[in-house]
Amino acid sequence: MIARLSGGAPALPFRLYHSFTQPKTENPMNIARSIIHAAAVAILALAPMHARADASSDAVKLMEDYLAFVDYGGATIFPEQIPKEDWSRFYVIDARDKEQFDKEHIPGAVNLEWRQALEKRATIPKDKSVLIYCNTGSLSAQAGFALRVAGYDNVRILQGGFAEWKTKGGFDAATKAAKR
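Not measured: the values here are computed from a predicted model. (Residues numbered from 1 in each chain as written. Predicted model: local features only at pLDDT ≥ 70, side-chain atom pairs only at ≥ 80, totals over all residues. Heavy atoms only, no water.)

Peer 1: Can you explain the sheet that holds strand β5 (residues 155–158)? Please cite residues and give values.
Peer 2: Remark on secondary structure: sheet strands pair via backbone hydrogen bonds, oriented parallel or antiparallel. Sheet architecture is open: 5 strands sit in the order β1-β5-β4-β2-β3, paired in parallel fashion. If you trace the sheet from one side to the other, it starts and ends with β1 (76–77) and β3 (110–111), each paired once. Where helix α5 (residues 138–149) meets the sheet, it contacts β4 (129–133) and β5, and its direction lies at approximately 170 degrees from that of β5. (Pairing = 2+ DSSP bridges. Helix = DSSP H or I, 4+ residues; strand = E, 2+ residues; numbered from the N terminus. Contact = heavy atoms within 4.5 Å. Axes fitted to C-alpha atoms, helices over the stretch in contact; angles between N-to-C directions.)

So, in structure tokens, the structure goes:
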């Protein structure tokens, strides 16, 4: 049975929270907070107030199965982990709204607002690595989580989003990180 917060919203089980707080990467607290936040928001988004899934529903079962077997941080990637020459291997999705996308975005990215990820999933390739980002990583993490639960194992979330990508040097983030 899933614990519920006031108002009936599902709470994260202790073991799920505990598994995300175990440091296993170079920046564990930020990653843990981002993943916990994204998972909680995605769970809440997938179970709106008027149409709650109960503990035995297919949606809850799919999420439980996914969370039980996903690698810690397995869906996230840092800008500095992608060499400049590898960016062309990704189908890059900017999950922000059209106005933000039109103002600036990662060159080569397509705009698909995070709320439309499942609705327009047929436009997302399954035979190519997909990288999804927003401003900071939290909205794209929700879209990425939903897509991965829907069977898109090729989706990665750009940790820190567009803001961190720019701060770390954009396409040159890997080169800059190697010089440190």
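Peer 1: Now, about the environment of E80: what can you tell me, with residues and values included?
Peer 2: Here E80 shows up in the loop between β1 and β2 (90–94). The exposure class assigned to E80 is buried, which follows from its relative accessible area of 16%. Placed 96 residues apart in sequence, E80 and K176 show a C-alpha to C-alpha distance of 7.8 Å. Within the structure, E80 has its side chain in polar contact with the side chain of K168 (distance 2.9 Å). (Buried < 20%, exposed > 50% of the residue type's maximum accessible area, 1.4 Å probe, protein only. Polar contact = N/O pair within 3.5 Å; in protein donor to acceptor, adjacent residues only side chain to side chain.)

Peer 1: Outline α5, listing residues and values.
Peer 2: Three or four residues apart is the spacing at which side chains of an α-helix point the same way, because the helix has 3.6 residues per turn. Here α5 contains 12 residues, and its C-alpha end-to-end distance of 17 Å stays within 8% of the 16 Å for a straight helix at 1.5 Å per residue. Across the 12 residues that make up α5, a large majority, 10, are buried. Three or more residues of α5 are buried, namely S140, A141, Q142, A143, G144, F145, A146, L147, R148 and V149. Positive phi appears at G151, one or two residues downstream of α5, with a value of about 105 degrees. (Expected span 1.5 Å × (residues − 1).)

Peer 1: For the nonpolar core, give the residues involved together with the corresponding values.
Peer 2: Ranked by internal contacts, the top residues of the largest apolar core, which has 15 residues, are I93, I124, I132, L147 and V155. Taken together, the elements giving at least two residues each to this core come down to β4, α5 and β5. Examining the composition of this core, we find that 3 residues originate from one element, α5, more than from any other. Dropping the residues within four chain positions of it, I124 is found in contact with Y91, I93, L112, A117, V130, L147 and Y152. In terms of nonpolar packing, the next biggest core, distinct from the first, is built from 13 residues, V92, L131, F162 and W165 among them. (Core = buried A, V, L, I, M, F, W, Y, C linked by side-chain atoms within 4.5 Å.)

Peer 1: How would you sum up the environment of I132? Please name residues and give values.
Peer 2: Relative to the helices and strands, I132 resides in strand β4. Considering only alpha carbons, one finds I132 and T76, 56 residues apart in sequence, at a separation of 9.5 Å. The residues contacting I132, other than those within four sequence positions of it, are I93, A95, S140, A143, G144, V155, R156, I157 and L158.

Peer 1: Requested: an account of the pairing of β5, with residues and values cited.
Peer 2: When β1 meets β5, the two strands line up parallel, connected through 2 bridges. Its bridge partner being in β5, I77 is matched across the sheet by L158. As judged from the 3 bridges shared by β4 and β5, these two strands associate in the parallel manner. Bridge pairing links I132 to I157 in β5.

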